Amino acid sequence: MLKTRVITAVLLLVALLGVLFGGYYPLFAAAIVLFLVAAVWEAFQLFGSSKKQAFAISLFWGAAFAYTFLFQNNQSTQFWFALCAAIWLVRFVPALGHGLPPPSGMGNTLLGTVYGLSLVGCFAAMVVFYQHSPVYLLSVMALVWVADIGAYFSGKAFGKRKLAPSISPGKSWEGAIGGGIAVLLFSAAVILSGSPLLADTFVVKLQASRGWFAAMAILAVIVAASVVGDLFESMLKRRAGVKDSSKLLPGHGGVLDRIDALVPVLP
């Protein structure tokens, strides 16, 4: 299993770097739509749709996304990002405390649709960041990866207090705090390096425009959002009675398992 996981991770990283830095926008656009379709397909199955129903829905959403955010000069991206932030603050964060609706019924259908909208916002943000520069997009995604890695090792070493035992028993407060510290240290190192190669990264731009205190505060919020995204998907999987969102990525589960923390962060 570990060997499979490592091989898949290396192949995904190579593919990601090729897509981001290949300099061919149609390839990036195709990859974005493909991964969005896969994520929506997995998500709607977690909300109770059959594989065929979820596939039909995902194709429609993928086509609508491509038309709206890739082929049109969309001027409403800020609206989408504000909407997604509001969705997470008003609906999904509270759900971690009071739970999800029954897996059938209008409440579940509406929640699935709203979660689909949050996926659209996440991928729309990827497009916007990529259009700024591939380095900028990669630097934002790297913050979530660093938080995840830091949380894993901190949790293994110091984890005692369960963060959300009924949702994800393996996560601890110590792990979450360790992930946050890892992000702050990583970001400070990037900013202080002064390297021209890192001049167009998110944290360097953030510190230059907002100052150290505001930058660190915003990074802390980003880490918290990544934890919420992870926990919410875990709650969906627990309700559906599955370990992974799919088996598309050997050793890693599904696409949604890999981007769950990015979904609330990027918008």
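Scroll up for the structure.
From a predicted model like this one, the values you see are computed outputs, not experimental measurements.

*Asks:* Outline the overall build of the protein, supporting the account with residue identities and numerical values.
*Replies:* Of the regular secondary structure elements, the protein holds 10 helices and two strands. Secondary structure elements of the protein, listed N to C terminal, follow the sequence α-α-α-α-α-α-β-β-α-α-α-α. Here the protein has a C-alpha radius of gyration of 18 Å; the compact-globule value for 267 residues is 18 Å, and the two agree. Its C-alpha atoms give the protein principal-axis dimensions of roughly 55 × 50 × 40 Å. Within the protein, buried positions represent 47% of all 267 residues. Put simply, 69% of the contacts in the protein that link residues at least 6 apart link residues at least 24 apart. Here the protein has roughly 13,600 Å² of accessible surface; of this, 71% comes from carbon and sulfur atoms. Positive and negative side-chain charges of the protein, numbering 18 and 9 respectively, have mean locations separated by a distance of 5 Å.

*Asks:* Run through the nonpolar core, naming residues and quoting values.
*Replies:* Core analysis: the largest hydrophobic core is formed by 81 residues, its most contacted members being Phe65, Tyr115 and Leu119. Top contributing element to this core by residue count: helix α8 (residues 202-240), with 15 residues. In this structure, Tyr115 is in contact with Ala43, Phe47, Trp88, Phe92, Phe232, Glu233, Leu236, Leu256 and Val263, ignoring residues within four places of it in sequence.

*Asks:* Outline the packing of aromatic side chains, supporting the account with residue identities and numerical values.
*Replies:* Overall, the coordinates contain 16 aromatic pairs when judged by the stated rule. A centroid spacing of 4.7 Å and a plane angle of 75° characterise the contact between Trp88 and Phe92, whose relative ring orientation is edge-to-face. Highlighted residues: Trp88 and Phe92, both in helix α4 (residues 77-98), separated by four residues, approximately one helical turn. Residue classification places Phe92 among the buried positions, given a relative accessible area of 0%. Plain terms: the ring middles of Phe129 and Tyr136 are 5.5 Å apart, the flat faces sit at 70° to each other, and that makes the pair edge-to-face.

The rules behind the values
- Residues numbered from 1 in each chain as written.
- Predicted model: local features only at pLDDT ≥ 70, side-chain atom pairs only at ≥ 80, totals over all residues.
- Heavy atoms only, no water.
- Helix = DSSP H or I, 4+ residues; strand = E, 2+ residues; numbered from the N terminus.
- Rg over C-alpha atoms; globule rule 2.2 N^0.38 Å.
- Buried < 20%, exposed > 50% of the residue type's maximum accessible area, 1.4 Å probe, protein only.
- Contact = heavy atoms within 4.5 Å.
- Areas by Shrake-Rupley, 256 points an atom, 1.4 Å probe, with all protein chains shown as cover.
- Lys, Arg positive; Asp, Glu negative; His and termini not counted.
- Charge placed at Lys NZ, Arg CZ, Asp CG, Glu CD.
- Core = buried A, V, L, I, M, F, W, Y, C linked by side-chain atoms within 4.5 Å.
- Phe/Tyr/Trp six-rings, centres within 6.5 Å; stacked < 30°, edge-to-face > 60°.

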